[in-house]
Amino acid sequence: MKITEAFERGEFVVTAEVGPPKGFHIEHMLEEAKTYLSGITAVNVTDNQSSVMRLGSLATCKALKDEGLTPIFQMTCRDRNRIALESDLLSAALFGIENLLLLTGDHTTLGDHPQAKPVFDLDSVSLIHAVKQMESGVDLGGNELVGEPPKFAKGAVVSPCSDSVDVQLAKMERKVAAGAEYFQTQAVYEPEKFIQFMEKAKQFGKPVQLGIVIPKSVGMCRYMNANVAGIHVPEEMIEELKADKEKTKAGITGVEIAARVIKECKPYCQGVHIMAMGWESKVPELLSQAGI
């Protein structure tokens, strides 16, 4: 099922993100996904997230699909040139994987192979264009594809709480022009900024999913504030995590904070994207508290 079909039906679309392991044994990950994520619309699979080498997103998507879940194939431009990216798109079509999230990707210096040579032959906008081109039956070299061309739901990302809102809106506009059909946002902890952004972004007429990372600890929040562009966890939320260490360690406080943000932002978006960071077991409770 294409995620765009759910948006068209007016559903509040819920997705969650999983990261493949640094190895090929994924039985535990599949069991967690089936247990805690089977009730949501689709499951994103990260593509060597944070430039850390892991099992491939495409293979993991195929494994999730075989288990009855709907995967979203994340693709970054960091590790592959246009030939490899286009080839992976055809492979995804062969496997019946219909949903994409198209990103530029983090630089290799941030990961566990800092000496690796980055590619970045394309960026997120030109990758979206490449998918659109292939859907017309022609690759980026101008060569015709054999048989029926692939068809995908094409997703992109945006950072609504960035300091440069106008820059984010301009990027969003370019992605829409290239063919993006839906958006997932960077993690949001400032509902007021998100709501203001959405008032401006509605001009593009594309569904937007609120991104949320369940805050696990004070240290995690401090790290995101210092190192992750477009994310700011307000001090009062950090104080809330400090207040009861046992509740925070159990994930209770983080779920409460995330649910509160979702409830406040829900009227202004068309879905939510949960980045559980290993806390997939918290997703059902989070959705329950958020009233979804």
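Provided above is the structure to which this section pertains.
Residues numbered from 1 in each chain as written. Predicted model: local features only at pLDDT ≥ 70, side-chain atom pairs only at ≥ 80, totals over all residues. Heavy atoms only, no water.

Caption draft 1: The arrangement of the side chain of Asp 47 in detail. Following the sequence through the fold, Asp 47 ends up in the loop between β2 (42–45) and α3 (57–66). With a relative accessible area of 6%, Asp 47 lands in the buried category. Setting aside residues up to four positions removed in sequence, Asp 47 forms contacts with Ser 57, Gln 74, Met 75, Thr 76, Arg 78 and Arg 80. (Helix = DSSP H or I, 4+ residues; strand = E, 2+ residues; numbered from the N terminus. Buried < 20%, exposed > 50% of the residue type's maximum accessible area, 1.4 Å probe, protein only. Contact = heavy atoms within 4.5 Å.)

Caption draft 2: Up close: the sheet that holds strand β1 (residues 13–18). Around the barrel, eight strands lie side by side as β1-β2-β3-β4-β5-β6-β7-β8; this closed barrel has parallel pairing. If you compare each strand with its neighbour and ignore which way they point, the axes differ by 25° on average. Note that strand β4 (residues 99–103) and strand β5 (residues 153–158) share three bridges and pair parallel. Bridged to Asn 99 within β5 is Ala 153. Each of β7 (208–213) and β8 (271–275) is contacted by helix α11 (residues 252–265), which is oriented at about 165° to β7, the strand it contacts most. (Pairing = 2+ DSSP bridges. Axes fitted to C-alpha atoms, helices over the stretch in contact; angles between N-to-C directions.)

Caption draft 3: Layout of the packing of helix α7 (residues 191–201) against α11. Put simply, α7 and α11 touch, their axes get as near as 10 Å, and they point 30° apart. In terms of orientation, α7 lies roughly parallel with respect to α11. Here α7 and α11 pass one another in a crossing that is right-handed. In this structure, α7 contributes Pro 191, Glu 192, Phe 194 and Ile 195 to the contact, and α11 contributes Val 261, Glu 264 and Cys 265. (Parallel < 35°, antiparallel > 145°, perpendicular 65-115°, else oblique. Left-handed = near helix turned anticlockwise from the far one by under 90°.)

Caption draft 4: Structural detail: the pairing of strand β3 (residues 71–76). Taking burial as the measure, the six residues of β3 include six buried ones, the bulk of the element. Covered by surrounding structure in β3 are Pro 71, Phe 73 and Met 75 together with Ile 72, Gln 74 and Thr 76, the residues of both alternating faces. Examined bridge by bridge, β2 and β3 share three bridges and lie parallel to one another. Bridging across to β3, Val 45 finds its partner in Phe 73. Taken together, β2, α3 and β3 constitute a β-α-β crossover, and its handedness is right-handed. Pairing between β3 and β4: five bridges, direction parallel. The residue of β4 that forms the bridge with Thr 76 is Leu 103. For the segment spanning β3, helix α4 (residues 82–94) and β4, crossover handedness is right-handed. (Right-handed = clockwise from strand over helix to strand, strands pointing away.)

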